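Each chain is listed here by its residues.
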Amino acid sequence: MNIGITAQNSKKSLMEDFCIAYKGILAKHDIYATYSTGKRVEDMTNLHIHKFLPGDIGGDKQFTDMVARGDMDMVIYFYNPYQNEPNVPDIYLIVRACDQYNIPLATNIASAELLILGLANGDLDWRLNLRKEEMI
């Protein structure tokens, strides 16, 4: 499965901790991230991360385009709803794309844990079947 991860600056440490905790599950999948999130997670976990450009110079667009193509199976996007960081693209671009294309999305640690444990349990295998149907 293709898992997208990204985090605003104030949540990058949380993403690192999450990926350390669930490294065993994540290692079995392809992980995609905007550059700085991907680099930090890769450095902390030794997981291979496919890195897009930094979010503020096009990485969020690359991330969203992958969602729109149906090539992302799950997205974890940690952000601070109370903090507007300068030069950070609108969080809602990725959220809207996930909603539009029916991609499971977590925006906080509680929902991220549900998704990752569901992934490990096979609860997201319907995404693989969906992609096979699209190829026919």
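Residues numbered from 1 in each chain as written. Predicted model: local features only at pLDDT ≥ 70, side-chain atom pairs only at ≥ 80, totals over all residues. Heavy atoms only, no water.

Participant: Explain the overall build of the protein chain residue by residue, including any values.
Facilitator: When its secondary structure is counted, the protein chain shows seven helices and five strands. The C-alpha radius of gyration of the protein chain comes to 14 Å, within 12% of the 14 Å expected for a compact globule of 136 residues. Dimensions of the protein chain, computed from C-alpha atoms along their principal axes, come out at roughly 45 × 30 × 25 Å. Scored against the burial criterion, the 136 residues of the protein chain give a buried share of 46%. Summarising the internal contacts of the protein chain: among those between residues at least 6 apart in sequence, 69% fall at separations of at least 24. With an accessible surface of roughly 7200 Å², the protein chain has 52% of that area assigned to carbon and sulfur atoms. Treating the 13 positive side-chain charges of the protein chain as one cloud and the 18 negative ones as another, the clouds have centres 3 Å apart. (Helix = DSSP H or I, 4+ residues; strand = E, 2+ residues; numbered from the N terminus. Rg over C-alpha atoms; globule rule 2.2 N^0.38 Å. Buried < 20%, exposed > 50% of the residue type's maximum accessible area, 1.4 Å probe, protein only. Contact = heavy atoms within 4.5 Å. Areas by Shrake-Rupley, 256 points an atom, 1.4 Å probe, with all protein chains shown as cover. Lys, Arg positive; Asp, Glu negative; His and termini not counted. Charge placed at Lys NZ, Arg CZ, Asp CG, Glu CD.)

Participant: Describe the pairing of strand β1 (residues 2-7), and please don't skip the residues or the numbers.
Facilitator: Of all six residues making up β1, six are buried, and the element is well covered by its neighbours. With burial as the criterion, each face of β1 is covered, one bearing Asn2, Gly4 and Thr6 and the other bearing Ile3, Ile5 and Ala7. Relative to strand β2 (residues 30-33), β1 runs parallel, the two sharing four bridges. Within β2, the position partnered with isoleucine 3 by the bridge is isoleucine 31. One ladder, built from five bridges, connects β1 with strand β4 (residues 74-78); its direction is parallel. By the bridge assignment, isoleucine 5 is partnered in β4 with isoleucine 76. (Pairing = 2+ DSSP bridges.)

Participant: Please set out the packing of aromatic side chains residue by residue, giving values where relevant.
Facilitator: Enumeration according to the criterion identifies five aromatic pairs in this entry. Consider the rings of phenylalanine 52 and phenylalanine 63, whose centres lie 6.0 Å apart with planes at 70°: the pair is edge-to-face. Of this pair, phenylalanine 52 sits in the loop between β3 (49-51) and α4 (59-68) while phenylalanine 63 sits in helix α4, and the two are eleven residues apart along the sequence. Like phenylalanine 63, phenylalanine 52 is buried. (Phe/Tyr/Trp six-rings, centres within 6.5 Å; stacked < 30°, edge-to-face > 60°.)

Participant: Which residues make up helix α5 (residues 91-100), and what values go with them?
Facilitator: Among all positions in α5, only Ile91, Ile94, Val95, Ala97 and Cys98 are buried. Down the axis of α5, the smallest arc covering the buried residues is 160°, so these residues share one side. In α5, the exposed positions angled more than 90 degrees off the buried face are occupied by Asp99 and Gln100. In this structure, the buried residues of α5 make contact with β1, α4, β4 and β5 (105-106). Taken from the residues just after α5, asparagine 102 is the one with a positive phi, measuring 60°. (Arc of directions from axis to C-beta.)

Participant: How would you explain the nonpolar core if you had to name every residue and give the values?
Facilitator: If you look at the biggest cluster of nonpolar residues, it comprises 24 residues, and the most contacted ones within it are Ile5, Met15, Phe18, Met74, Ile76, Ile116 and Leu119. Broken down by element, this core gets its largest block of residues, four residues, from helix α6 (residues 109-121). Tyr32, Phe63, Met72 and Val75 belong to the second largest nonpolar core, which has 15 residues in total. (Core = buried A, V, L, I, M, F, W, Y, C linked by side-chain atoms within 4.5 Å.)

Participant: Can you lay out the pairing of β4 for me, pointing to particular residues and giving the numbers?
Facilitator: Burial analysis of β4 places five of its five residues in the buried class, which makes it a mostly covered element. Because side chains alternate across β4, one face comprises the buried residues Met74, Ile76 and Phe78, and the other comprises Val75 and Tyr77, equally buried. Here β4 pairs with β5 via two bridges, running parallel. In the sheet register, valine 75 faces β5, and the bridge partner there is leucine 105.

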